[in-house]
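As a plain string of letters, each chain reads:
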Amino acid sequence: MVHADICDCAELLATADVVVLNNVFEFFHDRCAQAAIWARMRAMLGRRGTRLVTVPALSTSLANAGLDIVLDGWVRELPIAPPYPRQPSLEEATVAGSALHSEALAEQNEIFDQIHLYEVV
């Protein structure tokens, strides 16, 4: 695992099999800096087959940076399944009479739905 400025990791990113990006730039850089980082990162993450695990979705992070980078032609999103059965929504659980138990469990769906998996094409 590496904890470093992504712009200083070009060689590492060029050979990475998996890159995890968790709420990466929104809280640390202004939109102008985010745009520059994303442009550079897209160039560095060009090896076919590299997997990106992101929270939130790439489209959300790019929109937050004010970018309209087209994902088609760079990455494709891959389906992922939660490691547990999907929980009923709060509304479904309330109808079934188990709202207190299911509220916490239903939150698992929301958290898991924020995780996205992409493959560089």
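Structure's up top.
A short tour of the structure in this document, coming up. Along each chain, the written sequence defines residue order, and numbers are assigned to residues from 1. Thresholds applied to this predicted model are a pLDDT of at least 70 for local features of residues and 80 or more for the giving and counting of side-chain atom pairs; totals over whole chains, interfaces and linings are not thresholded and use all residues. No hydrogens and no water enter the side-chain calculation; it runs on all heavy atoms of the structure.

What follows is about the nonpolar core. To qualify as a nonpolar core, a set must consist of buried Ala, Val, Leu, Ile, Met, Phe, Trp, Tyr and Cys residues joined through side-chain atoms within 4.5 Å. Remark: exposure states derive from per-residue accessible area (1.4 Å probe, protein chains only) relative to the maximum for the residue type, with buried under 20%, exposed over 50%, and partly exposed in between. Counting 24 residues, the largest nonpolar core has Trp38, Met41 and Trp74 as its most contacted members. Contacts: residue pairs with any heavy atoms within 4.5 Å of one another. If near-sequence neighbours (up to four positions away) are discounted, tryptophan 74 is found in contact with Trp38, Arg42, Leu45, Leu52, Leu58, Ile69, Glu119, Val120 and Val121.

Here a helix means four or more residues in a row that DSSP labels H or I, a strand means two or more in a row labelled E, and each is numbered from the N terminus. Expected span of a helix, by definition, is 1.5 Å for each gap between consecutive residues, and there is one gap fewer than residues. For helix H2 (residues 31-44), with 14 residues, the first-to-last C-alpha span of 20 Å sits near the 20 Å given by 1.5 Å per residue. Considering only its buried residues, H2 is in contact with helix H1 (10-15), strand E1 (18-22) and helix H3 (58-64).

To continue, consider the pairing of strand E4 (residues 116-120). Burial analysis of E4 places five of its five residues in the buried class, the great majority of the element. Side chains His116, Tyr118 and Val120 of E4 all project onto a buried face; the interleaved residues Leu117 and Glu119 project onto the opposite face, where all are buried too. At least two DSSP bridges between two strands are required for those strands to pair. The pairing of strand E2 (residues 51-55) with E4 spans four bridges and is classified as antiparallel. Looking at E4, one finds that valine 53 is bridged to leucine 117. Pairing between strand E3 (residues 75-78) and E4: four bridges, direction antiparallel. Bridge pairing in E4 places arginine 76 opposite glutamate 119.

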